[in-house]
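A structural walkthrough
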Amino acid sequence: MSPLLRVEGLWKLYHGNPVLRGIDLDVNAHEVVCLIGASGSGKSTLLRCVNLLETADDGAIFLEGEEITDVRADPDRVRRGIGMVFQAYNLFPHMTVLENVTLAPVRVHGRPRAEAAELGRELLARFGLLDKAGEYPDRLSGGQQQRVAIVRALAVRPRLMLLDEVTSALDPELVLEVLGVIRELKESGMTMILATHEMGFARDIADTVCFLDGGVLLEKGTPEQIFTDPREPRTREFLRRVLDARRL
Amino acid sequence: MSTTTAVWEKSERQRERERLRRRAAVRSGSIATVSTVVFVVIAAWAIVNSPGWPRVKETFFSGEAFAMSFPEVLAGFWKNVQIFVIAELLILPLGLLVAVVRGLKTPVFFPLRALAVAYTDIFRGTPTLLVVYLIGFGLPALNLKGVPSDPMVLAVIALTLSYGAYVAEVFRAGIDTVHPSQRAAARSLGLGHLQTMRFVVLPQAVRRVAPPLLNDFVSLQKDTAMASVIGVIEALRQAQIDAGKMFNYTPYLVAALLFVALTVPMARLTDYLAARATRRRGPGGGV
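Residues numbered from 1 in each chain as written. Chains lettered and ligands numbered in written order. Predicted model: local features only at pLDDT ≥ 70, side-chain atom pairs only at ≥ 80, totals over all residues.

An unreviewed UniProt entry lists chain B under the name Amino acid ABC transporter permease, from Bailinhaonella thermotolerans. Recorded in UniProt for chain B, the comment headed Sequence similarities (unreviewed entry) runs: "Belongs to the binding-protein-dependent transport system permease family." The Subcellular location (unreviewed entry) field of the UniProt record for chain B holds the comment "Cell membrane". (UniProt positions renumbered as here; feature names shortened; annotations may be inferred.)

By the naming in an unreviewed UniProt entry, chain A goes by Amino acid ABC transporter ATP-binding protein and is assigned to Bailinhaonella thermotolerans. The UniProt entry for chain A carries the following text under Sequence similarities (unreviewed entry): "Belongs to the ABC transporter superfamily." Comment text from UniProt for chain A, heading Subcellular location (unreviewed entry), reads "Cell membrane".

Shown next as structure tokens:
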């Protein structure tokens, strides 16, 4: 079976500085991949490249066997199949929660407004947000906003979800409610790539953990292997530092 | 449920604090009143006792001339209002269109983008009065079929072109204030460039630029007086005519009062909207 997503020799440079140096990565359907690594290691850039928010400088990305980095591919059409959630939520502040959720189904997928609203309400109810449907984002807590952002991405029924450090801007007690939502997505069989600093969560939820260092995918394995028996000295050092920081 | 509910009774310290605050408020209020009265009295005394005052009073503050010219200048002012309202309705879409066109990145749109840049550069750099002259006298001189010759229409065209350039820049500044992450979020949902503009960027941008836009409109209300130079008998021109007939400048005062009566409410609305925008962006306001 061919992977849902294949990244081949992906390079990305900002002003001549390489941020990604030849990344190779396969993600199978229903697989949950966690990207770990220090800030600036290229986790977010990799996710943005997969969603074509950044243009690859070399290499290729395939979604369901089709090259999406092909210059003739329509980025808008590619993005319709991919949901993305950002660190800073990026909800639309001038729209209510329900309007945020139904914008893409109505405007991009041409669903009738009533049908989109019904689906939106269903999704909000599933994540305990139905009573917030009419609120504006600035009236919600960070955790609620991020859950709305996840619902917004889900509303277009994506085949792949990209989550970019979705808990990094949250207070510790709000992190749990967002992680709960992600766990539920995994149980529903969603294919996901997460860039995360939550090592405990990565260990718990990931099928595969990738350690990025300076734009290189240095080590890839099961959470068990990466967290208990990392091969690379750099991985070991990174994990030791993260654990030290946790103890403080 | 807690069994003890804290009941707040103002402490002596707090009561003393509030007493002092009240006293300070009364004091600053009376100082402001007294200083205003003193200033007005001195200014009025200085004017009334100036050597030229009897003459000024006669030529600028003649009750008779005021009563005579008021209906005519008011009728002329109605034209200012018409020019203003129609130009306004044309300027908003023109400015928005130019601002959006300047943001188009696809190479296909290069000619359009260049045109938008040239338009804003030229009309922002040319004095509005000059534009009124050029359009008012130049356009009809071309003798083209379908080109209007009514000076009212020509004035509307000139003011629209001139102010459209300013308003386009205001809209563009507003578009630039919308954080790129909003665009990224919209694009990640599959919205195209124009959909992102229409549903995500512009609604936020327009809200933010409402106060500066209103400021431009206050300015436009006054600049409708420039229509007088190409032969529209509006408030200023009518005042000139009346002043010439009566050998008295009071009609100018009439025109000035009418302009003030229209722009002051607009200015207050601008202040109110600006204050509201600041409050919303303040702490606890979120976005």
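Across the boundary between the two partners, chain B contributes 19 residues, which contact 18 residues of chain A. Residue assignment for the side of chain B that touches chain A shows that the elements contributing at least two residues are α7 (180-188) and α8 (193-223) of chain B. (Contact = placed C-beta atoms within 7 Å. Helix = DSSP H or I, 4+ residues; strand = E, 2+ residues; numbered from the N terminus.)

Right, let's talk about the pairing of strand β6 (residues 82-85) of chain A for a bit. Note on strand geometry: in a regular strand, side chains alternate between the two faces of the sheet. All names here are of chain A. Side chains Ile82 and Met84 of β6 all project onto a buried face; the interleaved residues Gly83 and Val85 project onto the opposite face, where all are buried too. Here four bridges tie β6 to strand β7 (residues 160-164), and the two strands are oriented parallel to one another. Bridge assignment links glycine 83 to a residue of β7, and that residue is methionine 161. (Buried ≥ 20, exposed ≤ 12 C-beta atoms within 10 Å, placed from the backbone. Pairing = 2+ DSSP bridges.)

Per the UniProt record, the feature "domain: ABC transporter" (unreviewed entry) sits at residues 5-239 of chain A. Within the segment residues 5-239 of chain A, helix and strand shares are 37% and 26% respectively, and the terminal C-alpha atoms sit 27 Å apart.

Residue and element names in this part refer to chain A. Pairing is antiparallel across the open sheet formed by four strands, whose spatial order is β2-β1-β4-β5. The sheet is open, and its two edges are formed by β2 (17-27) and β5 (66-67), each paired on a single side. Bridge analysis of strand β1 (residues 5-14) against β2 gives eight bridges, and the strand direction is antiparallel. Across the sheet, residue leucine 10 finds its bridge partner in β2, namely isoleucine 23.

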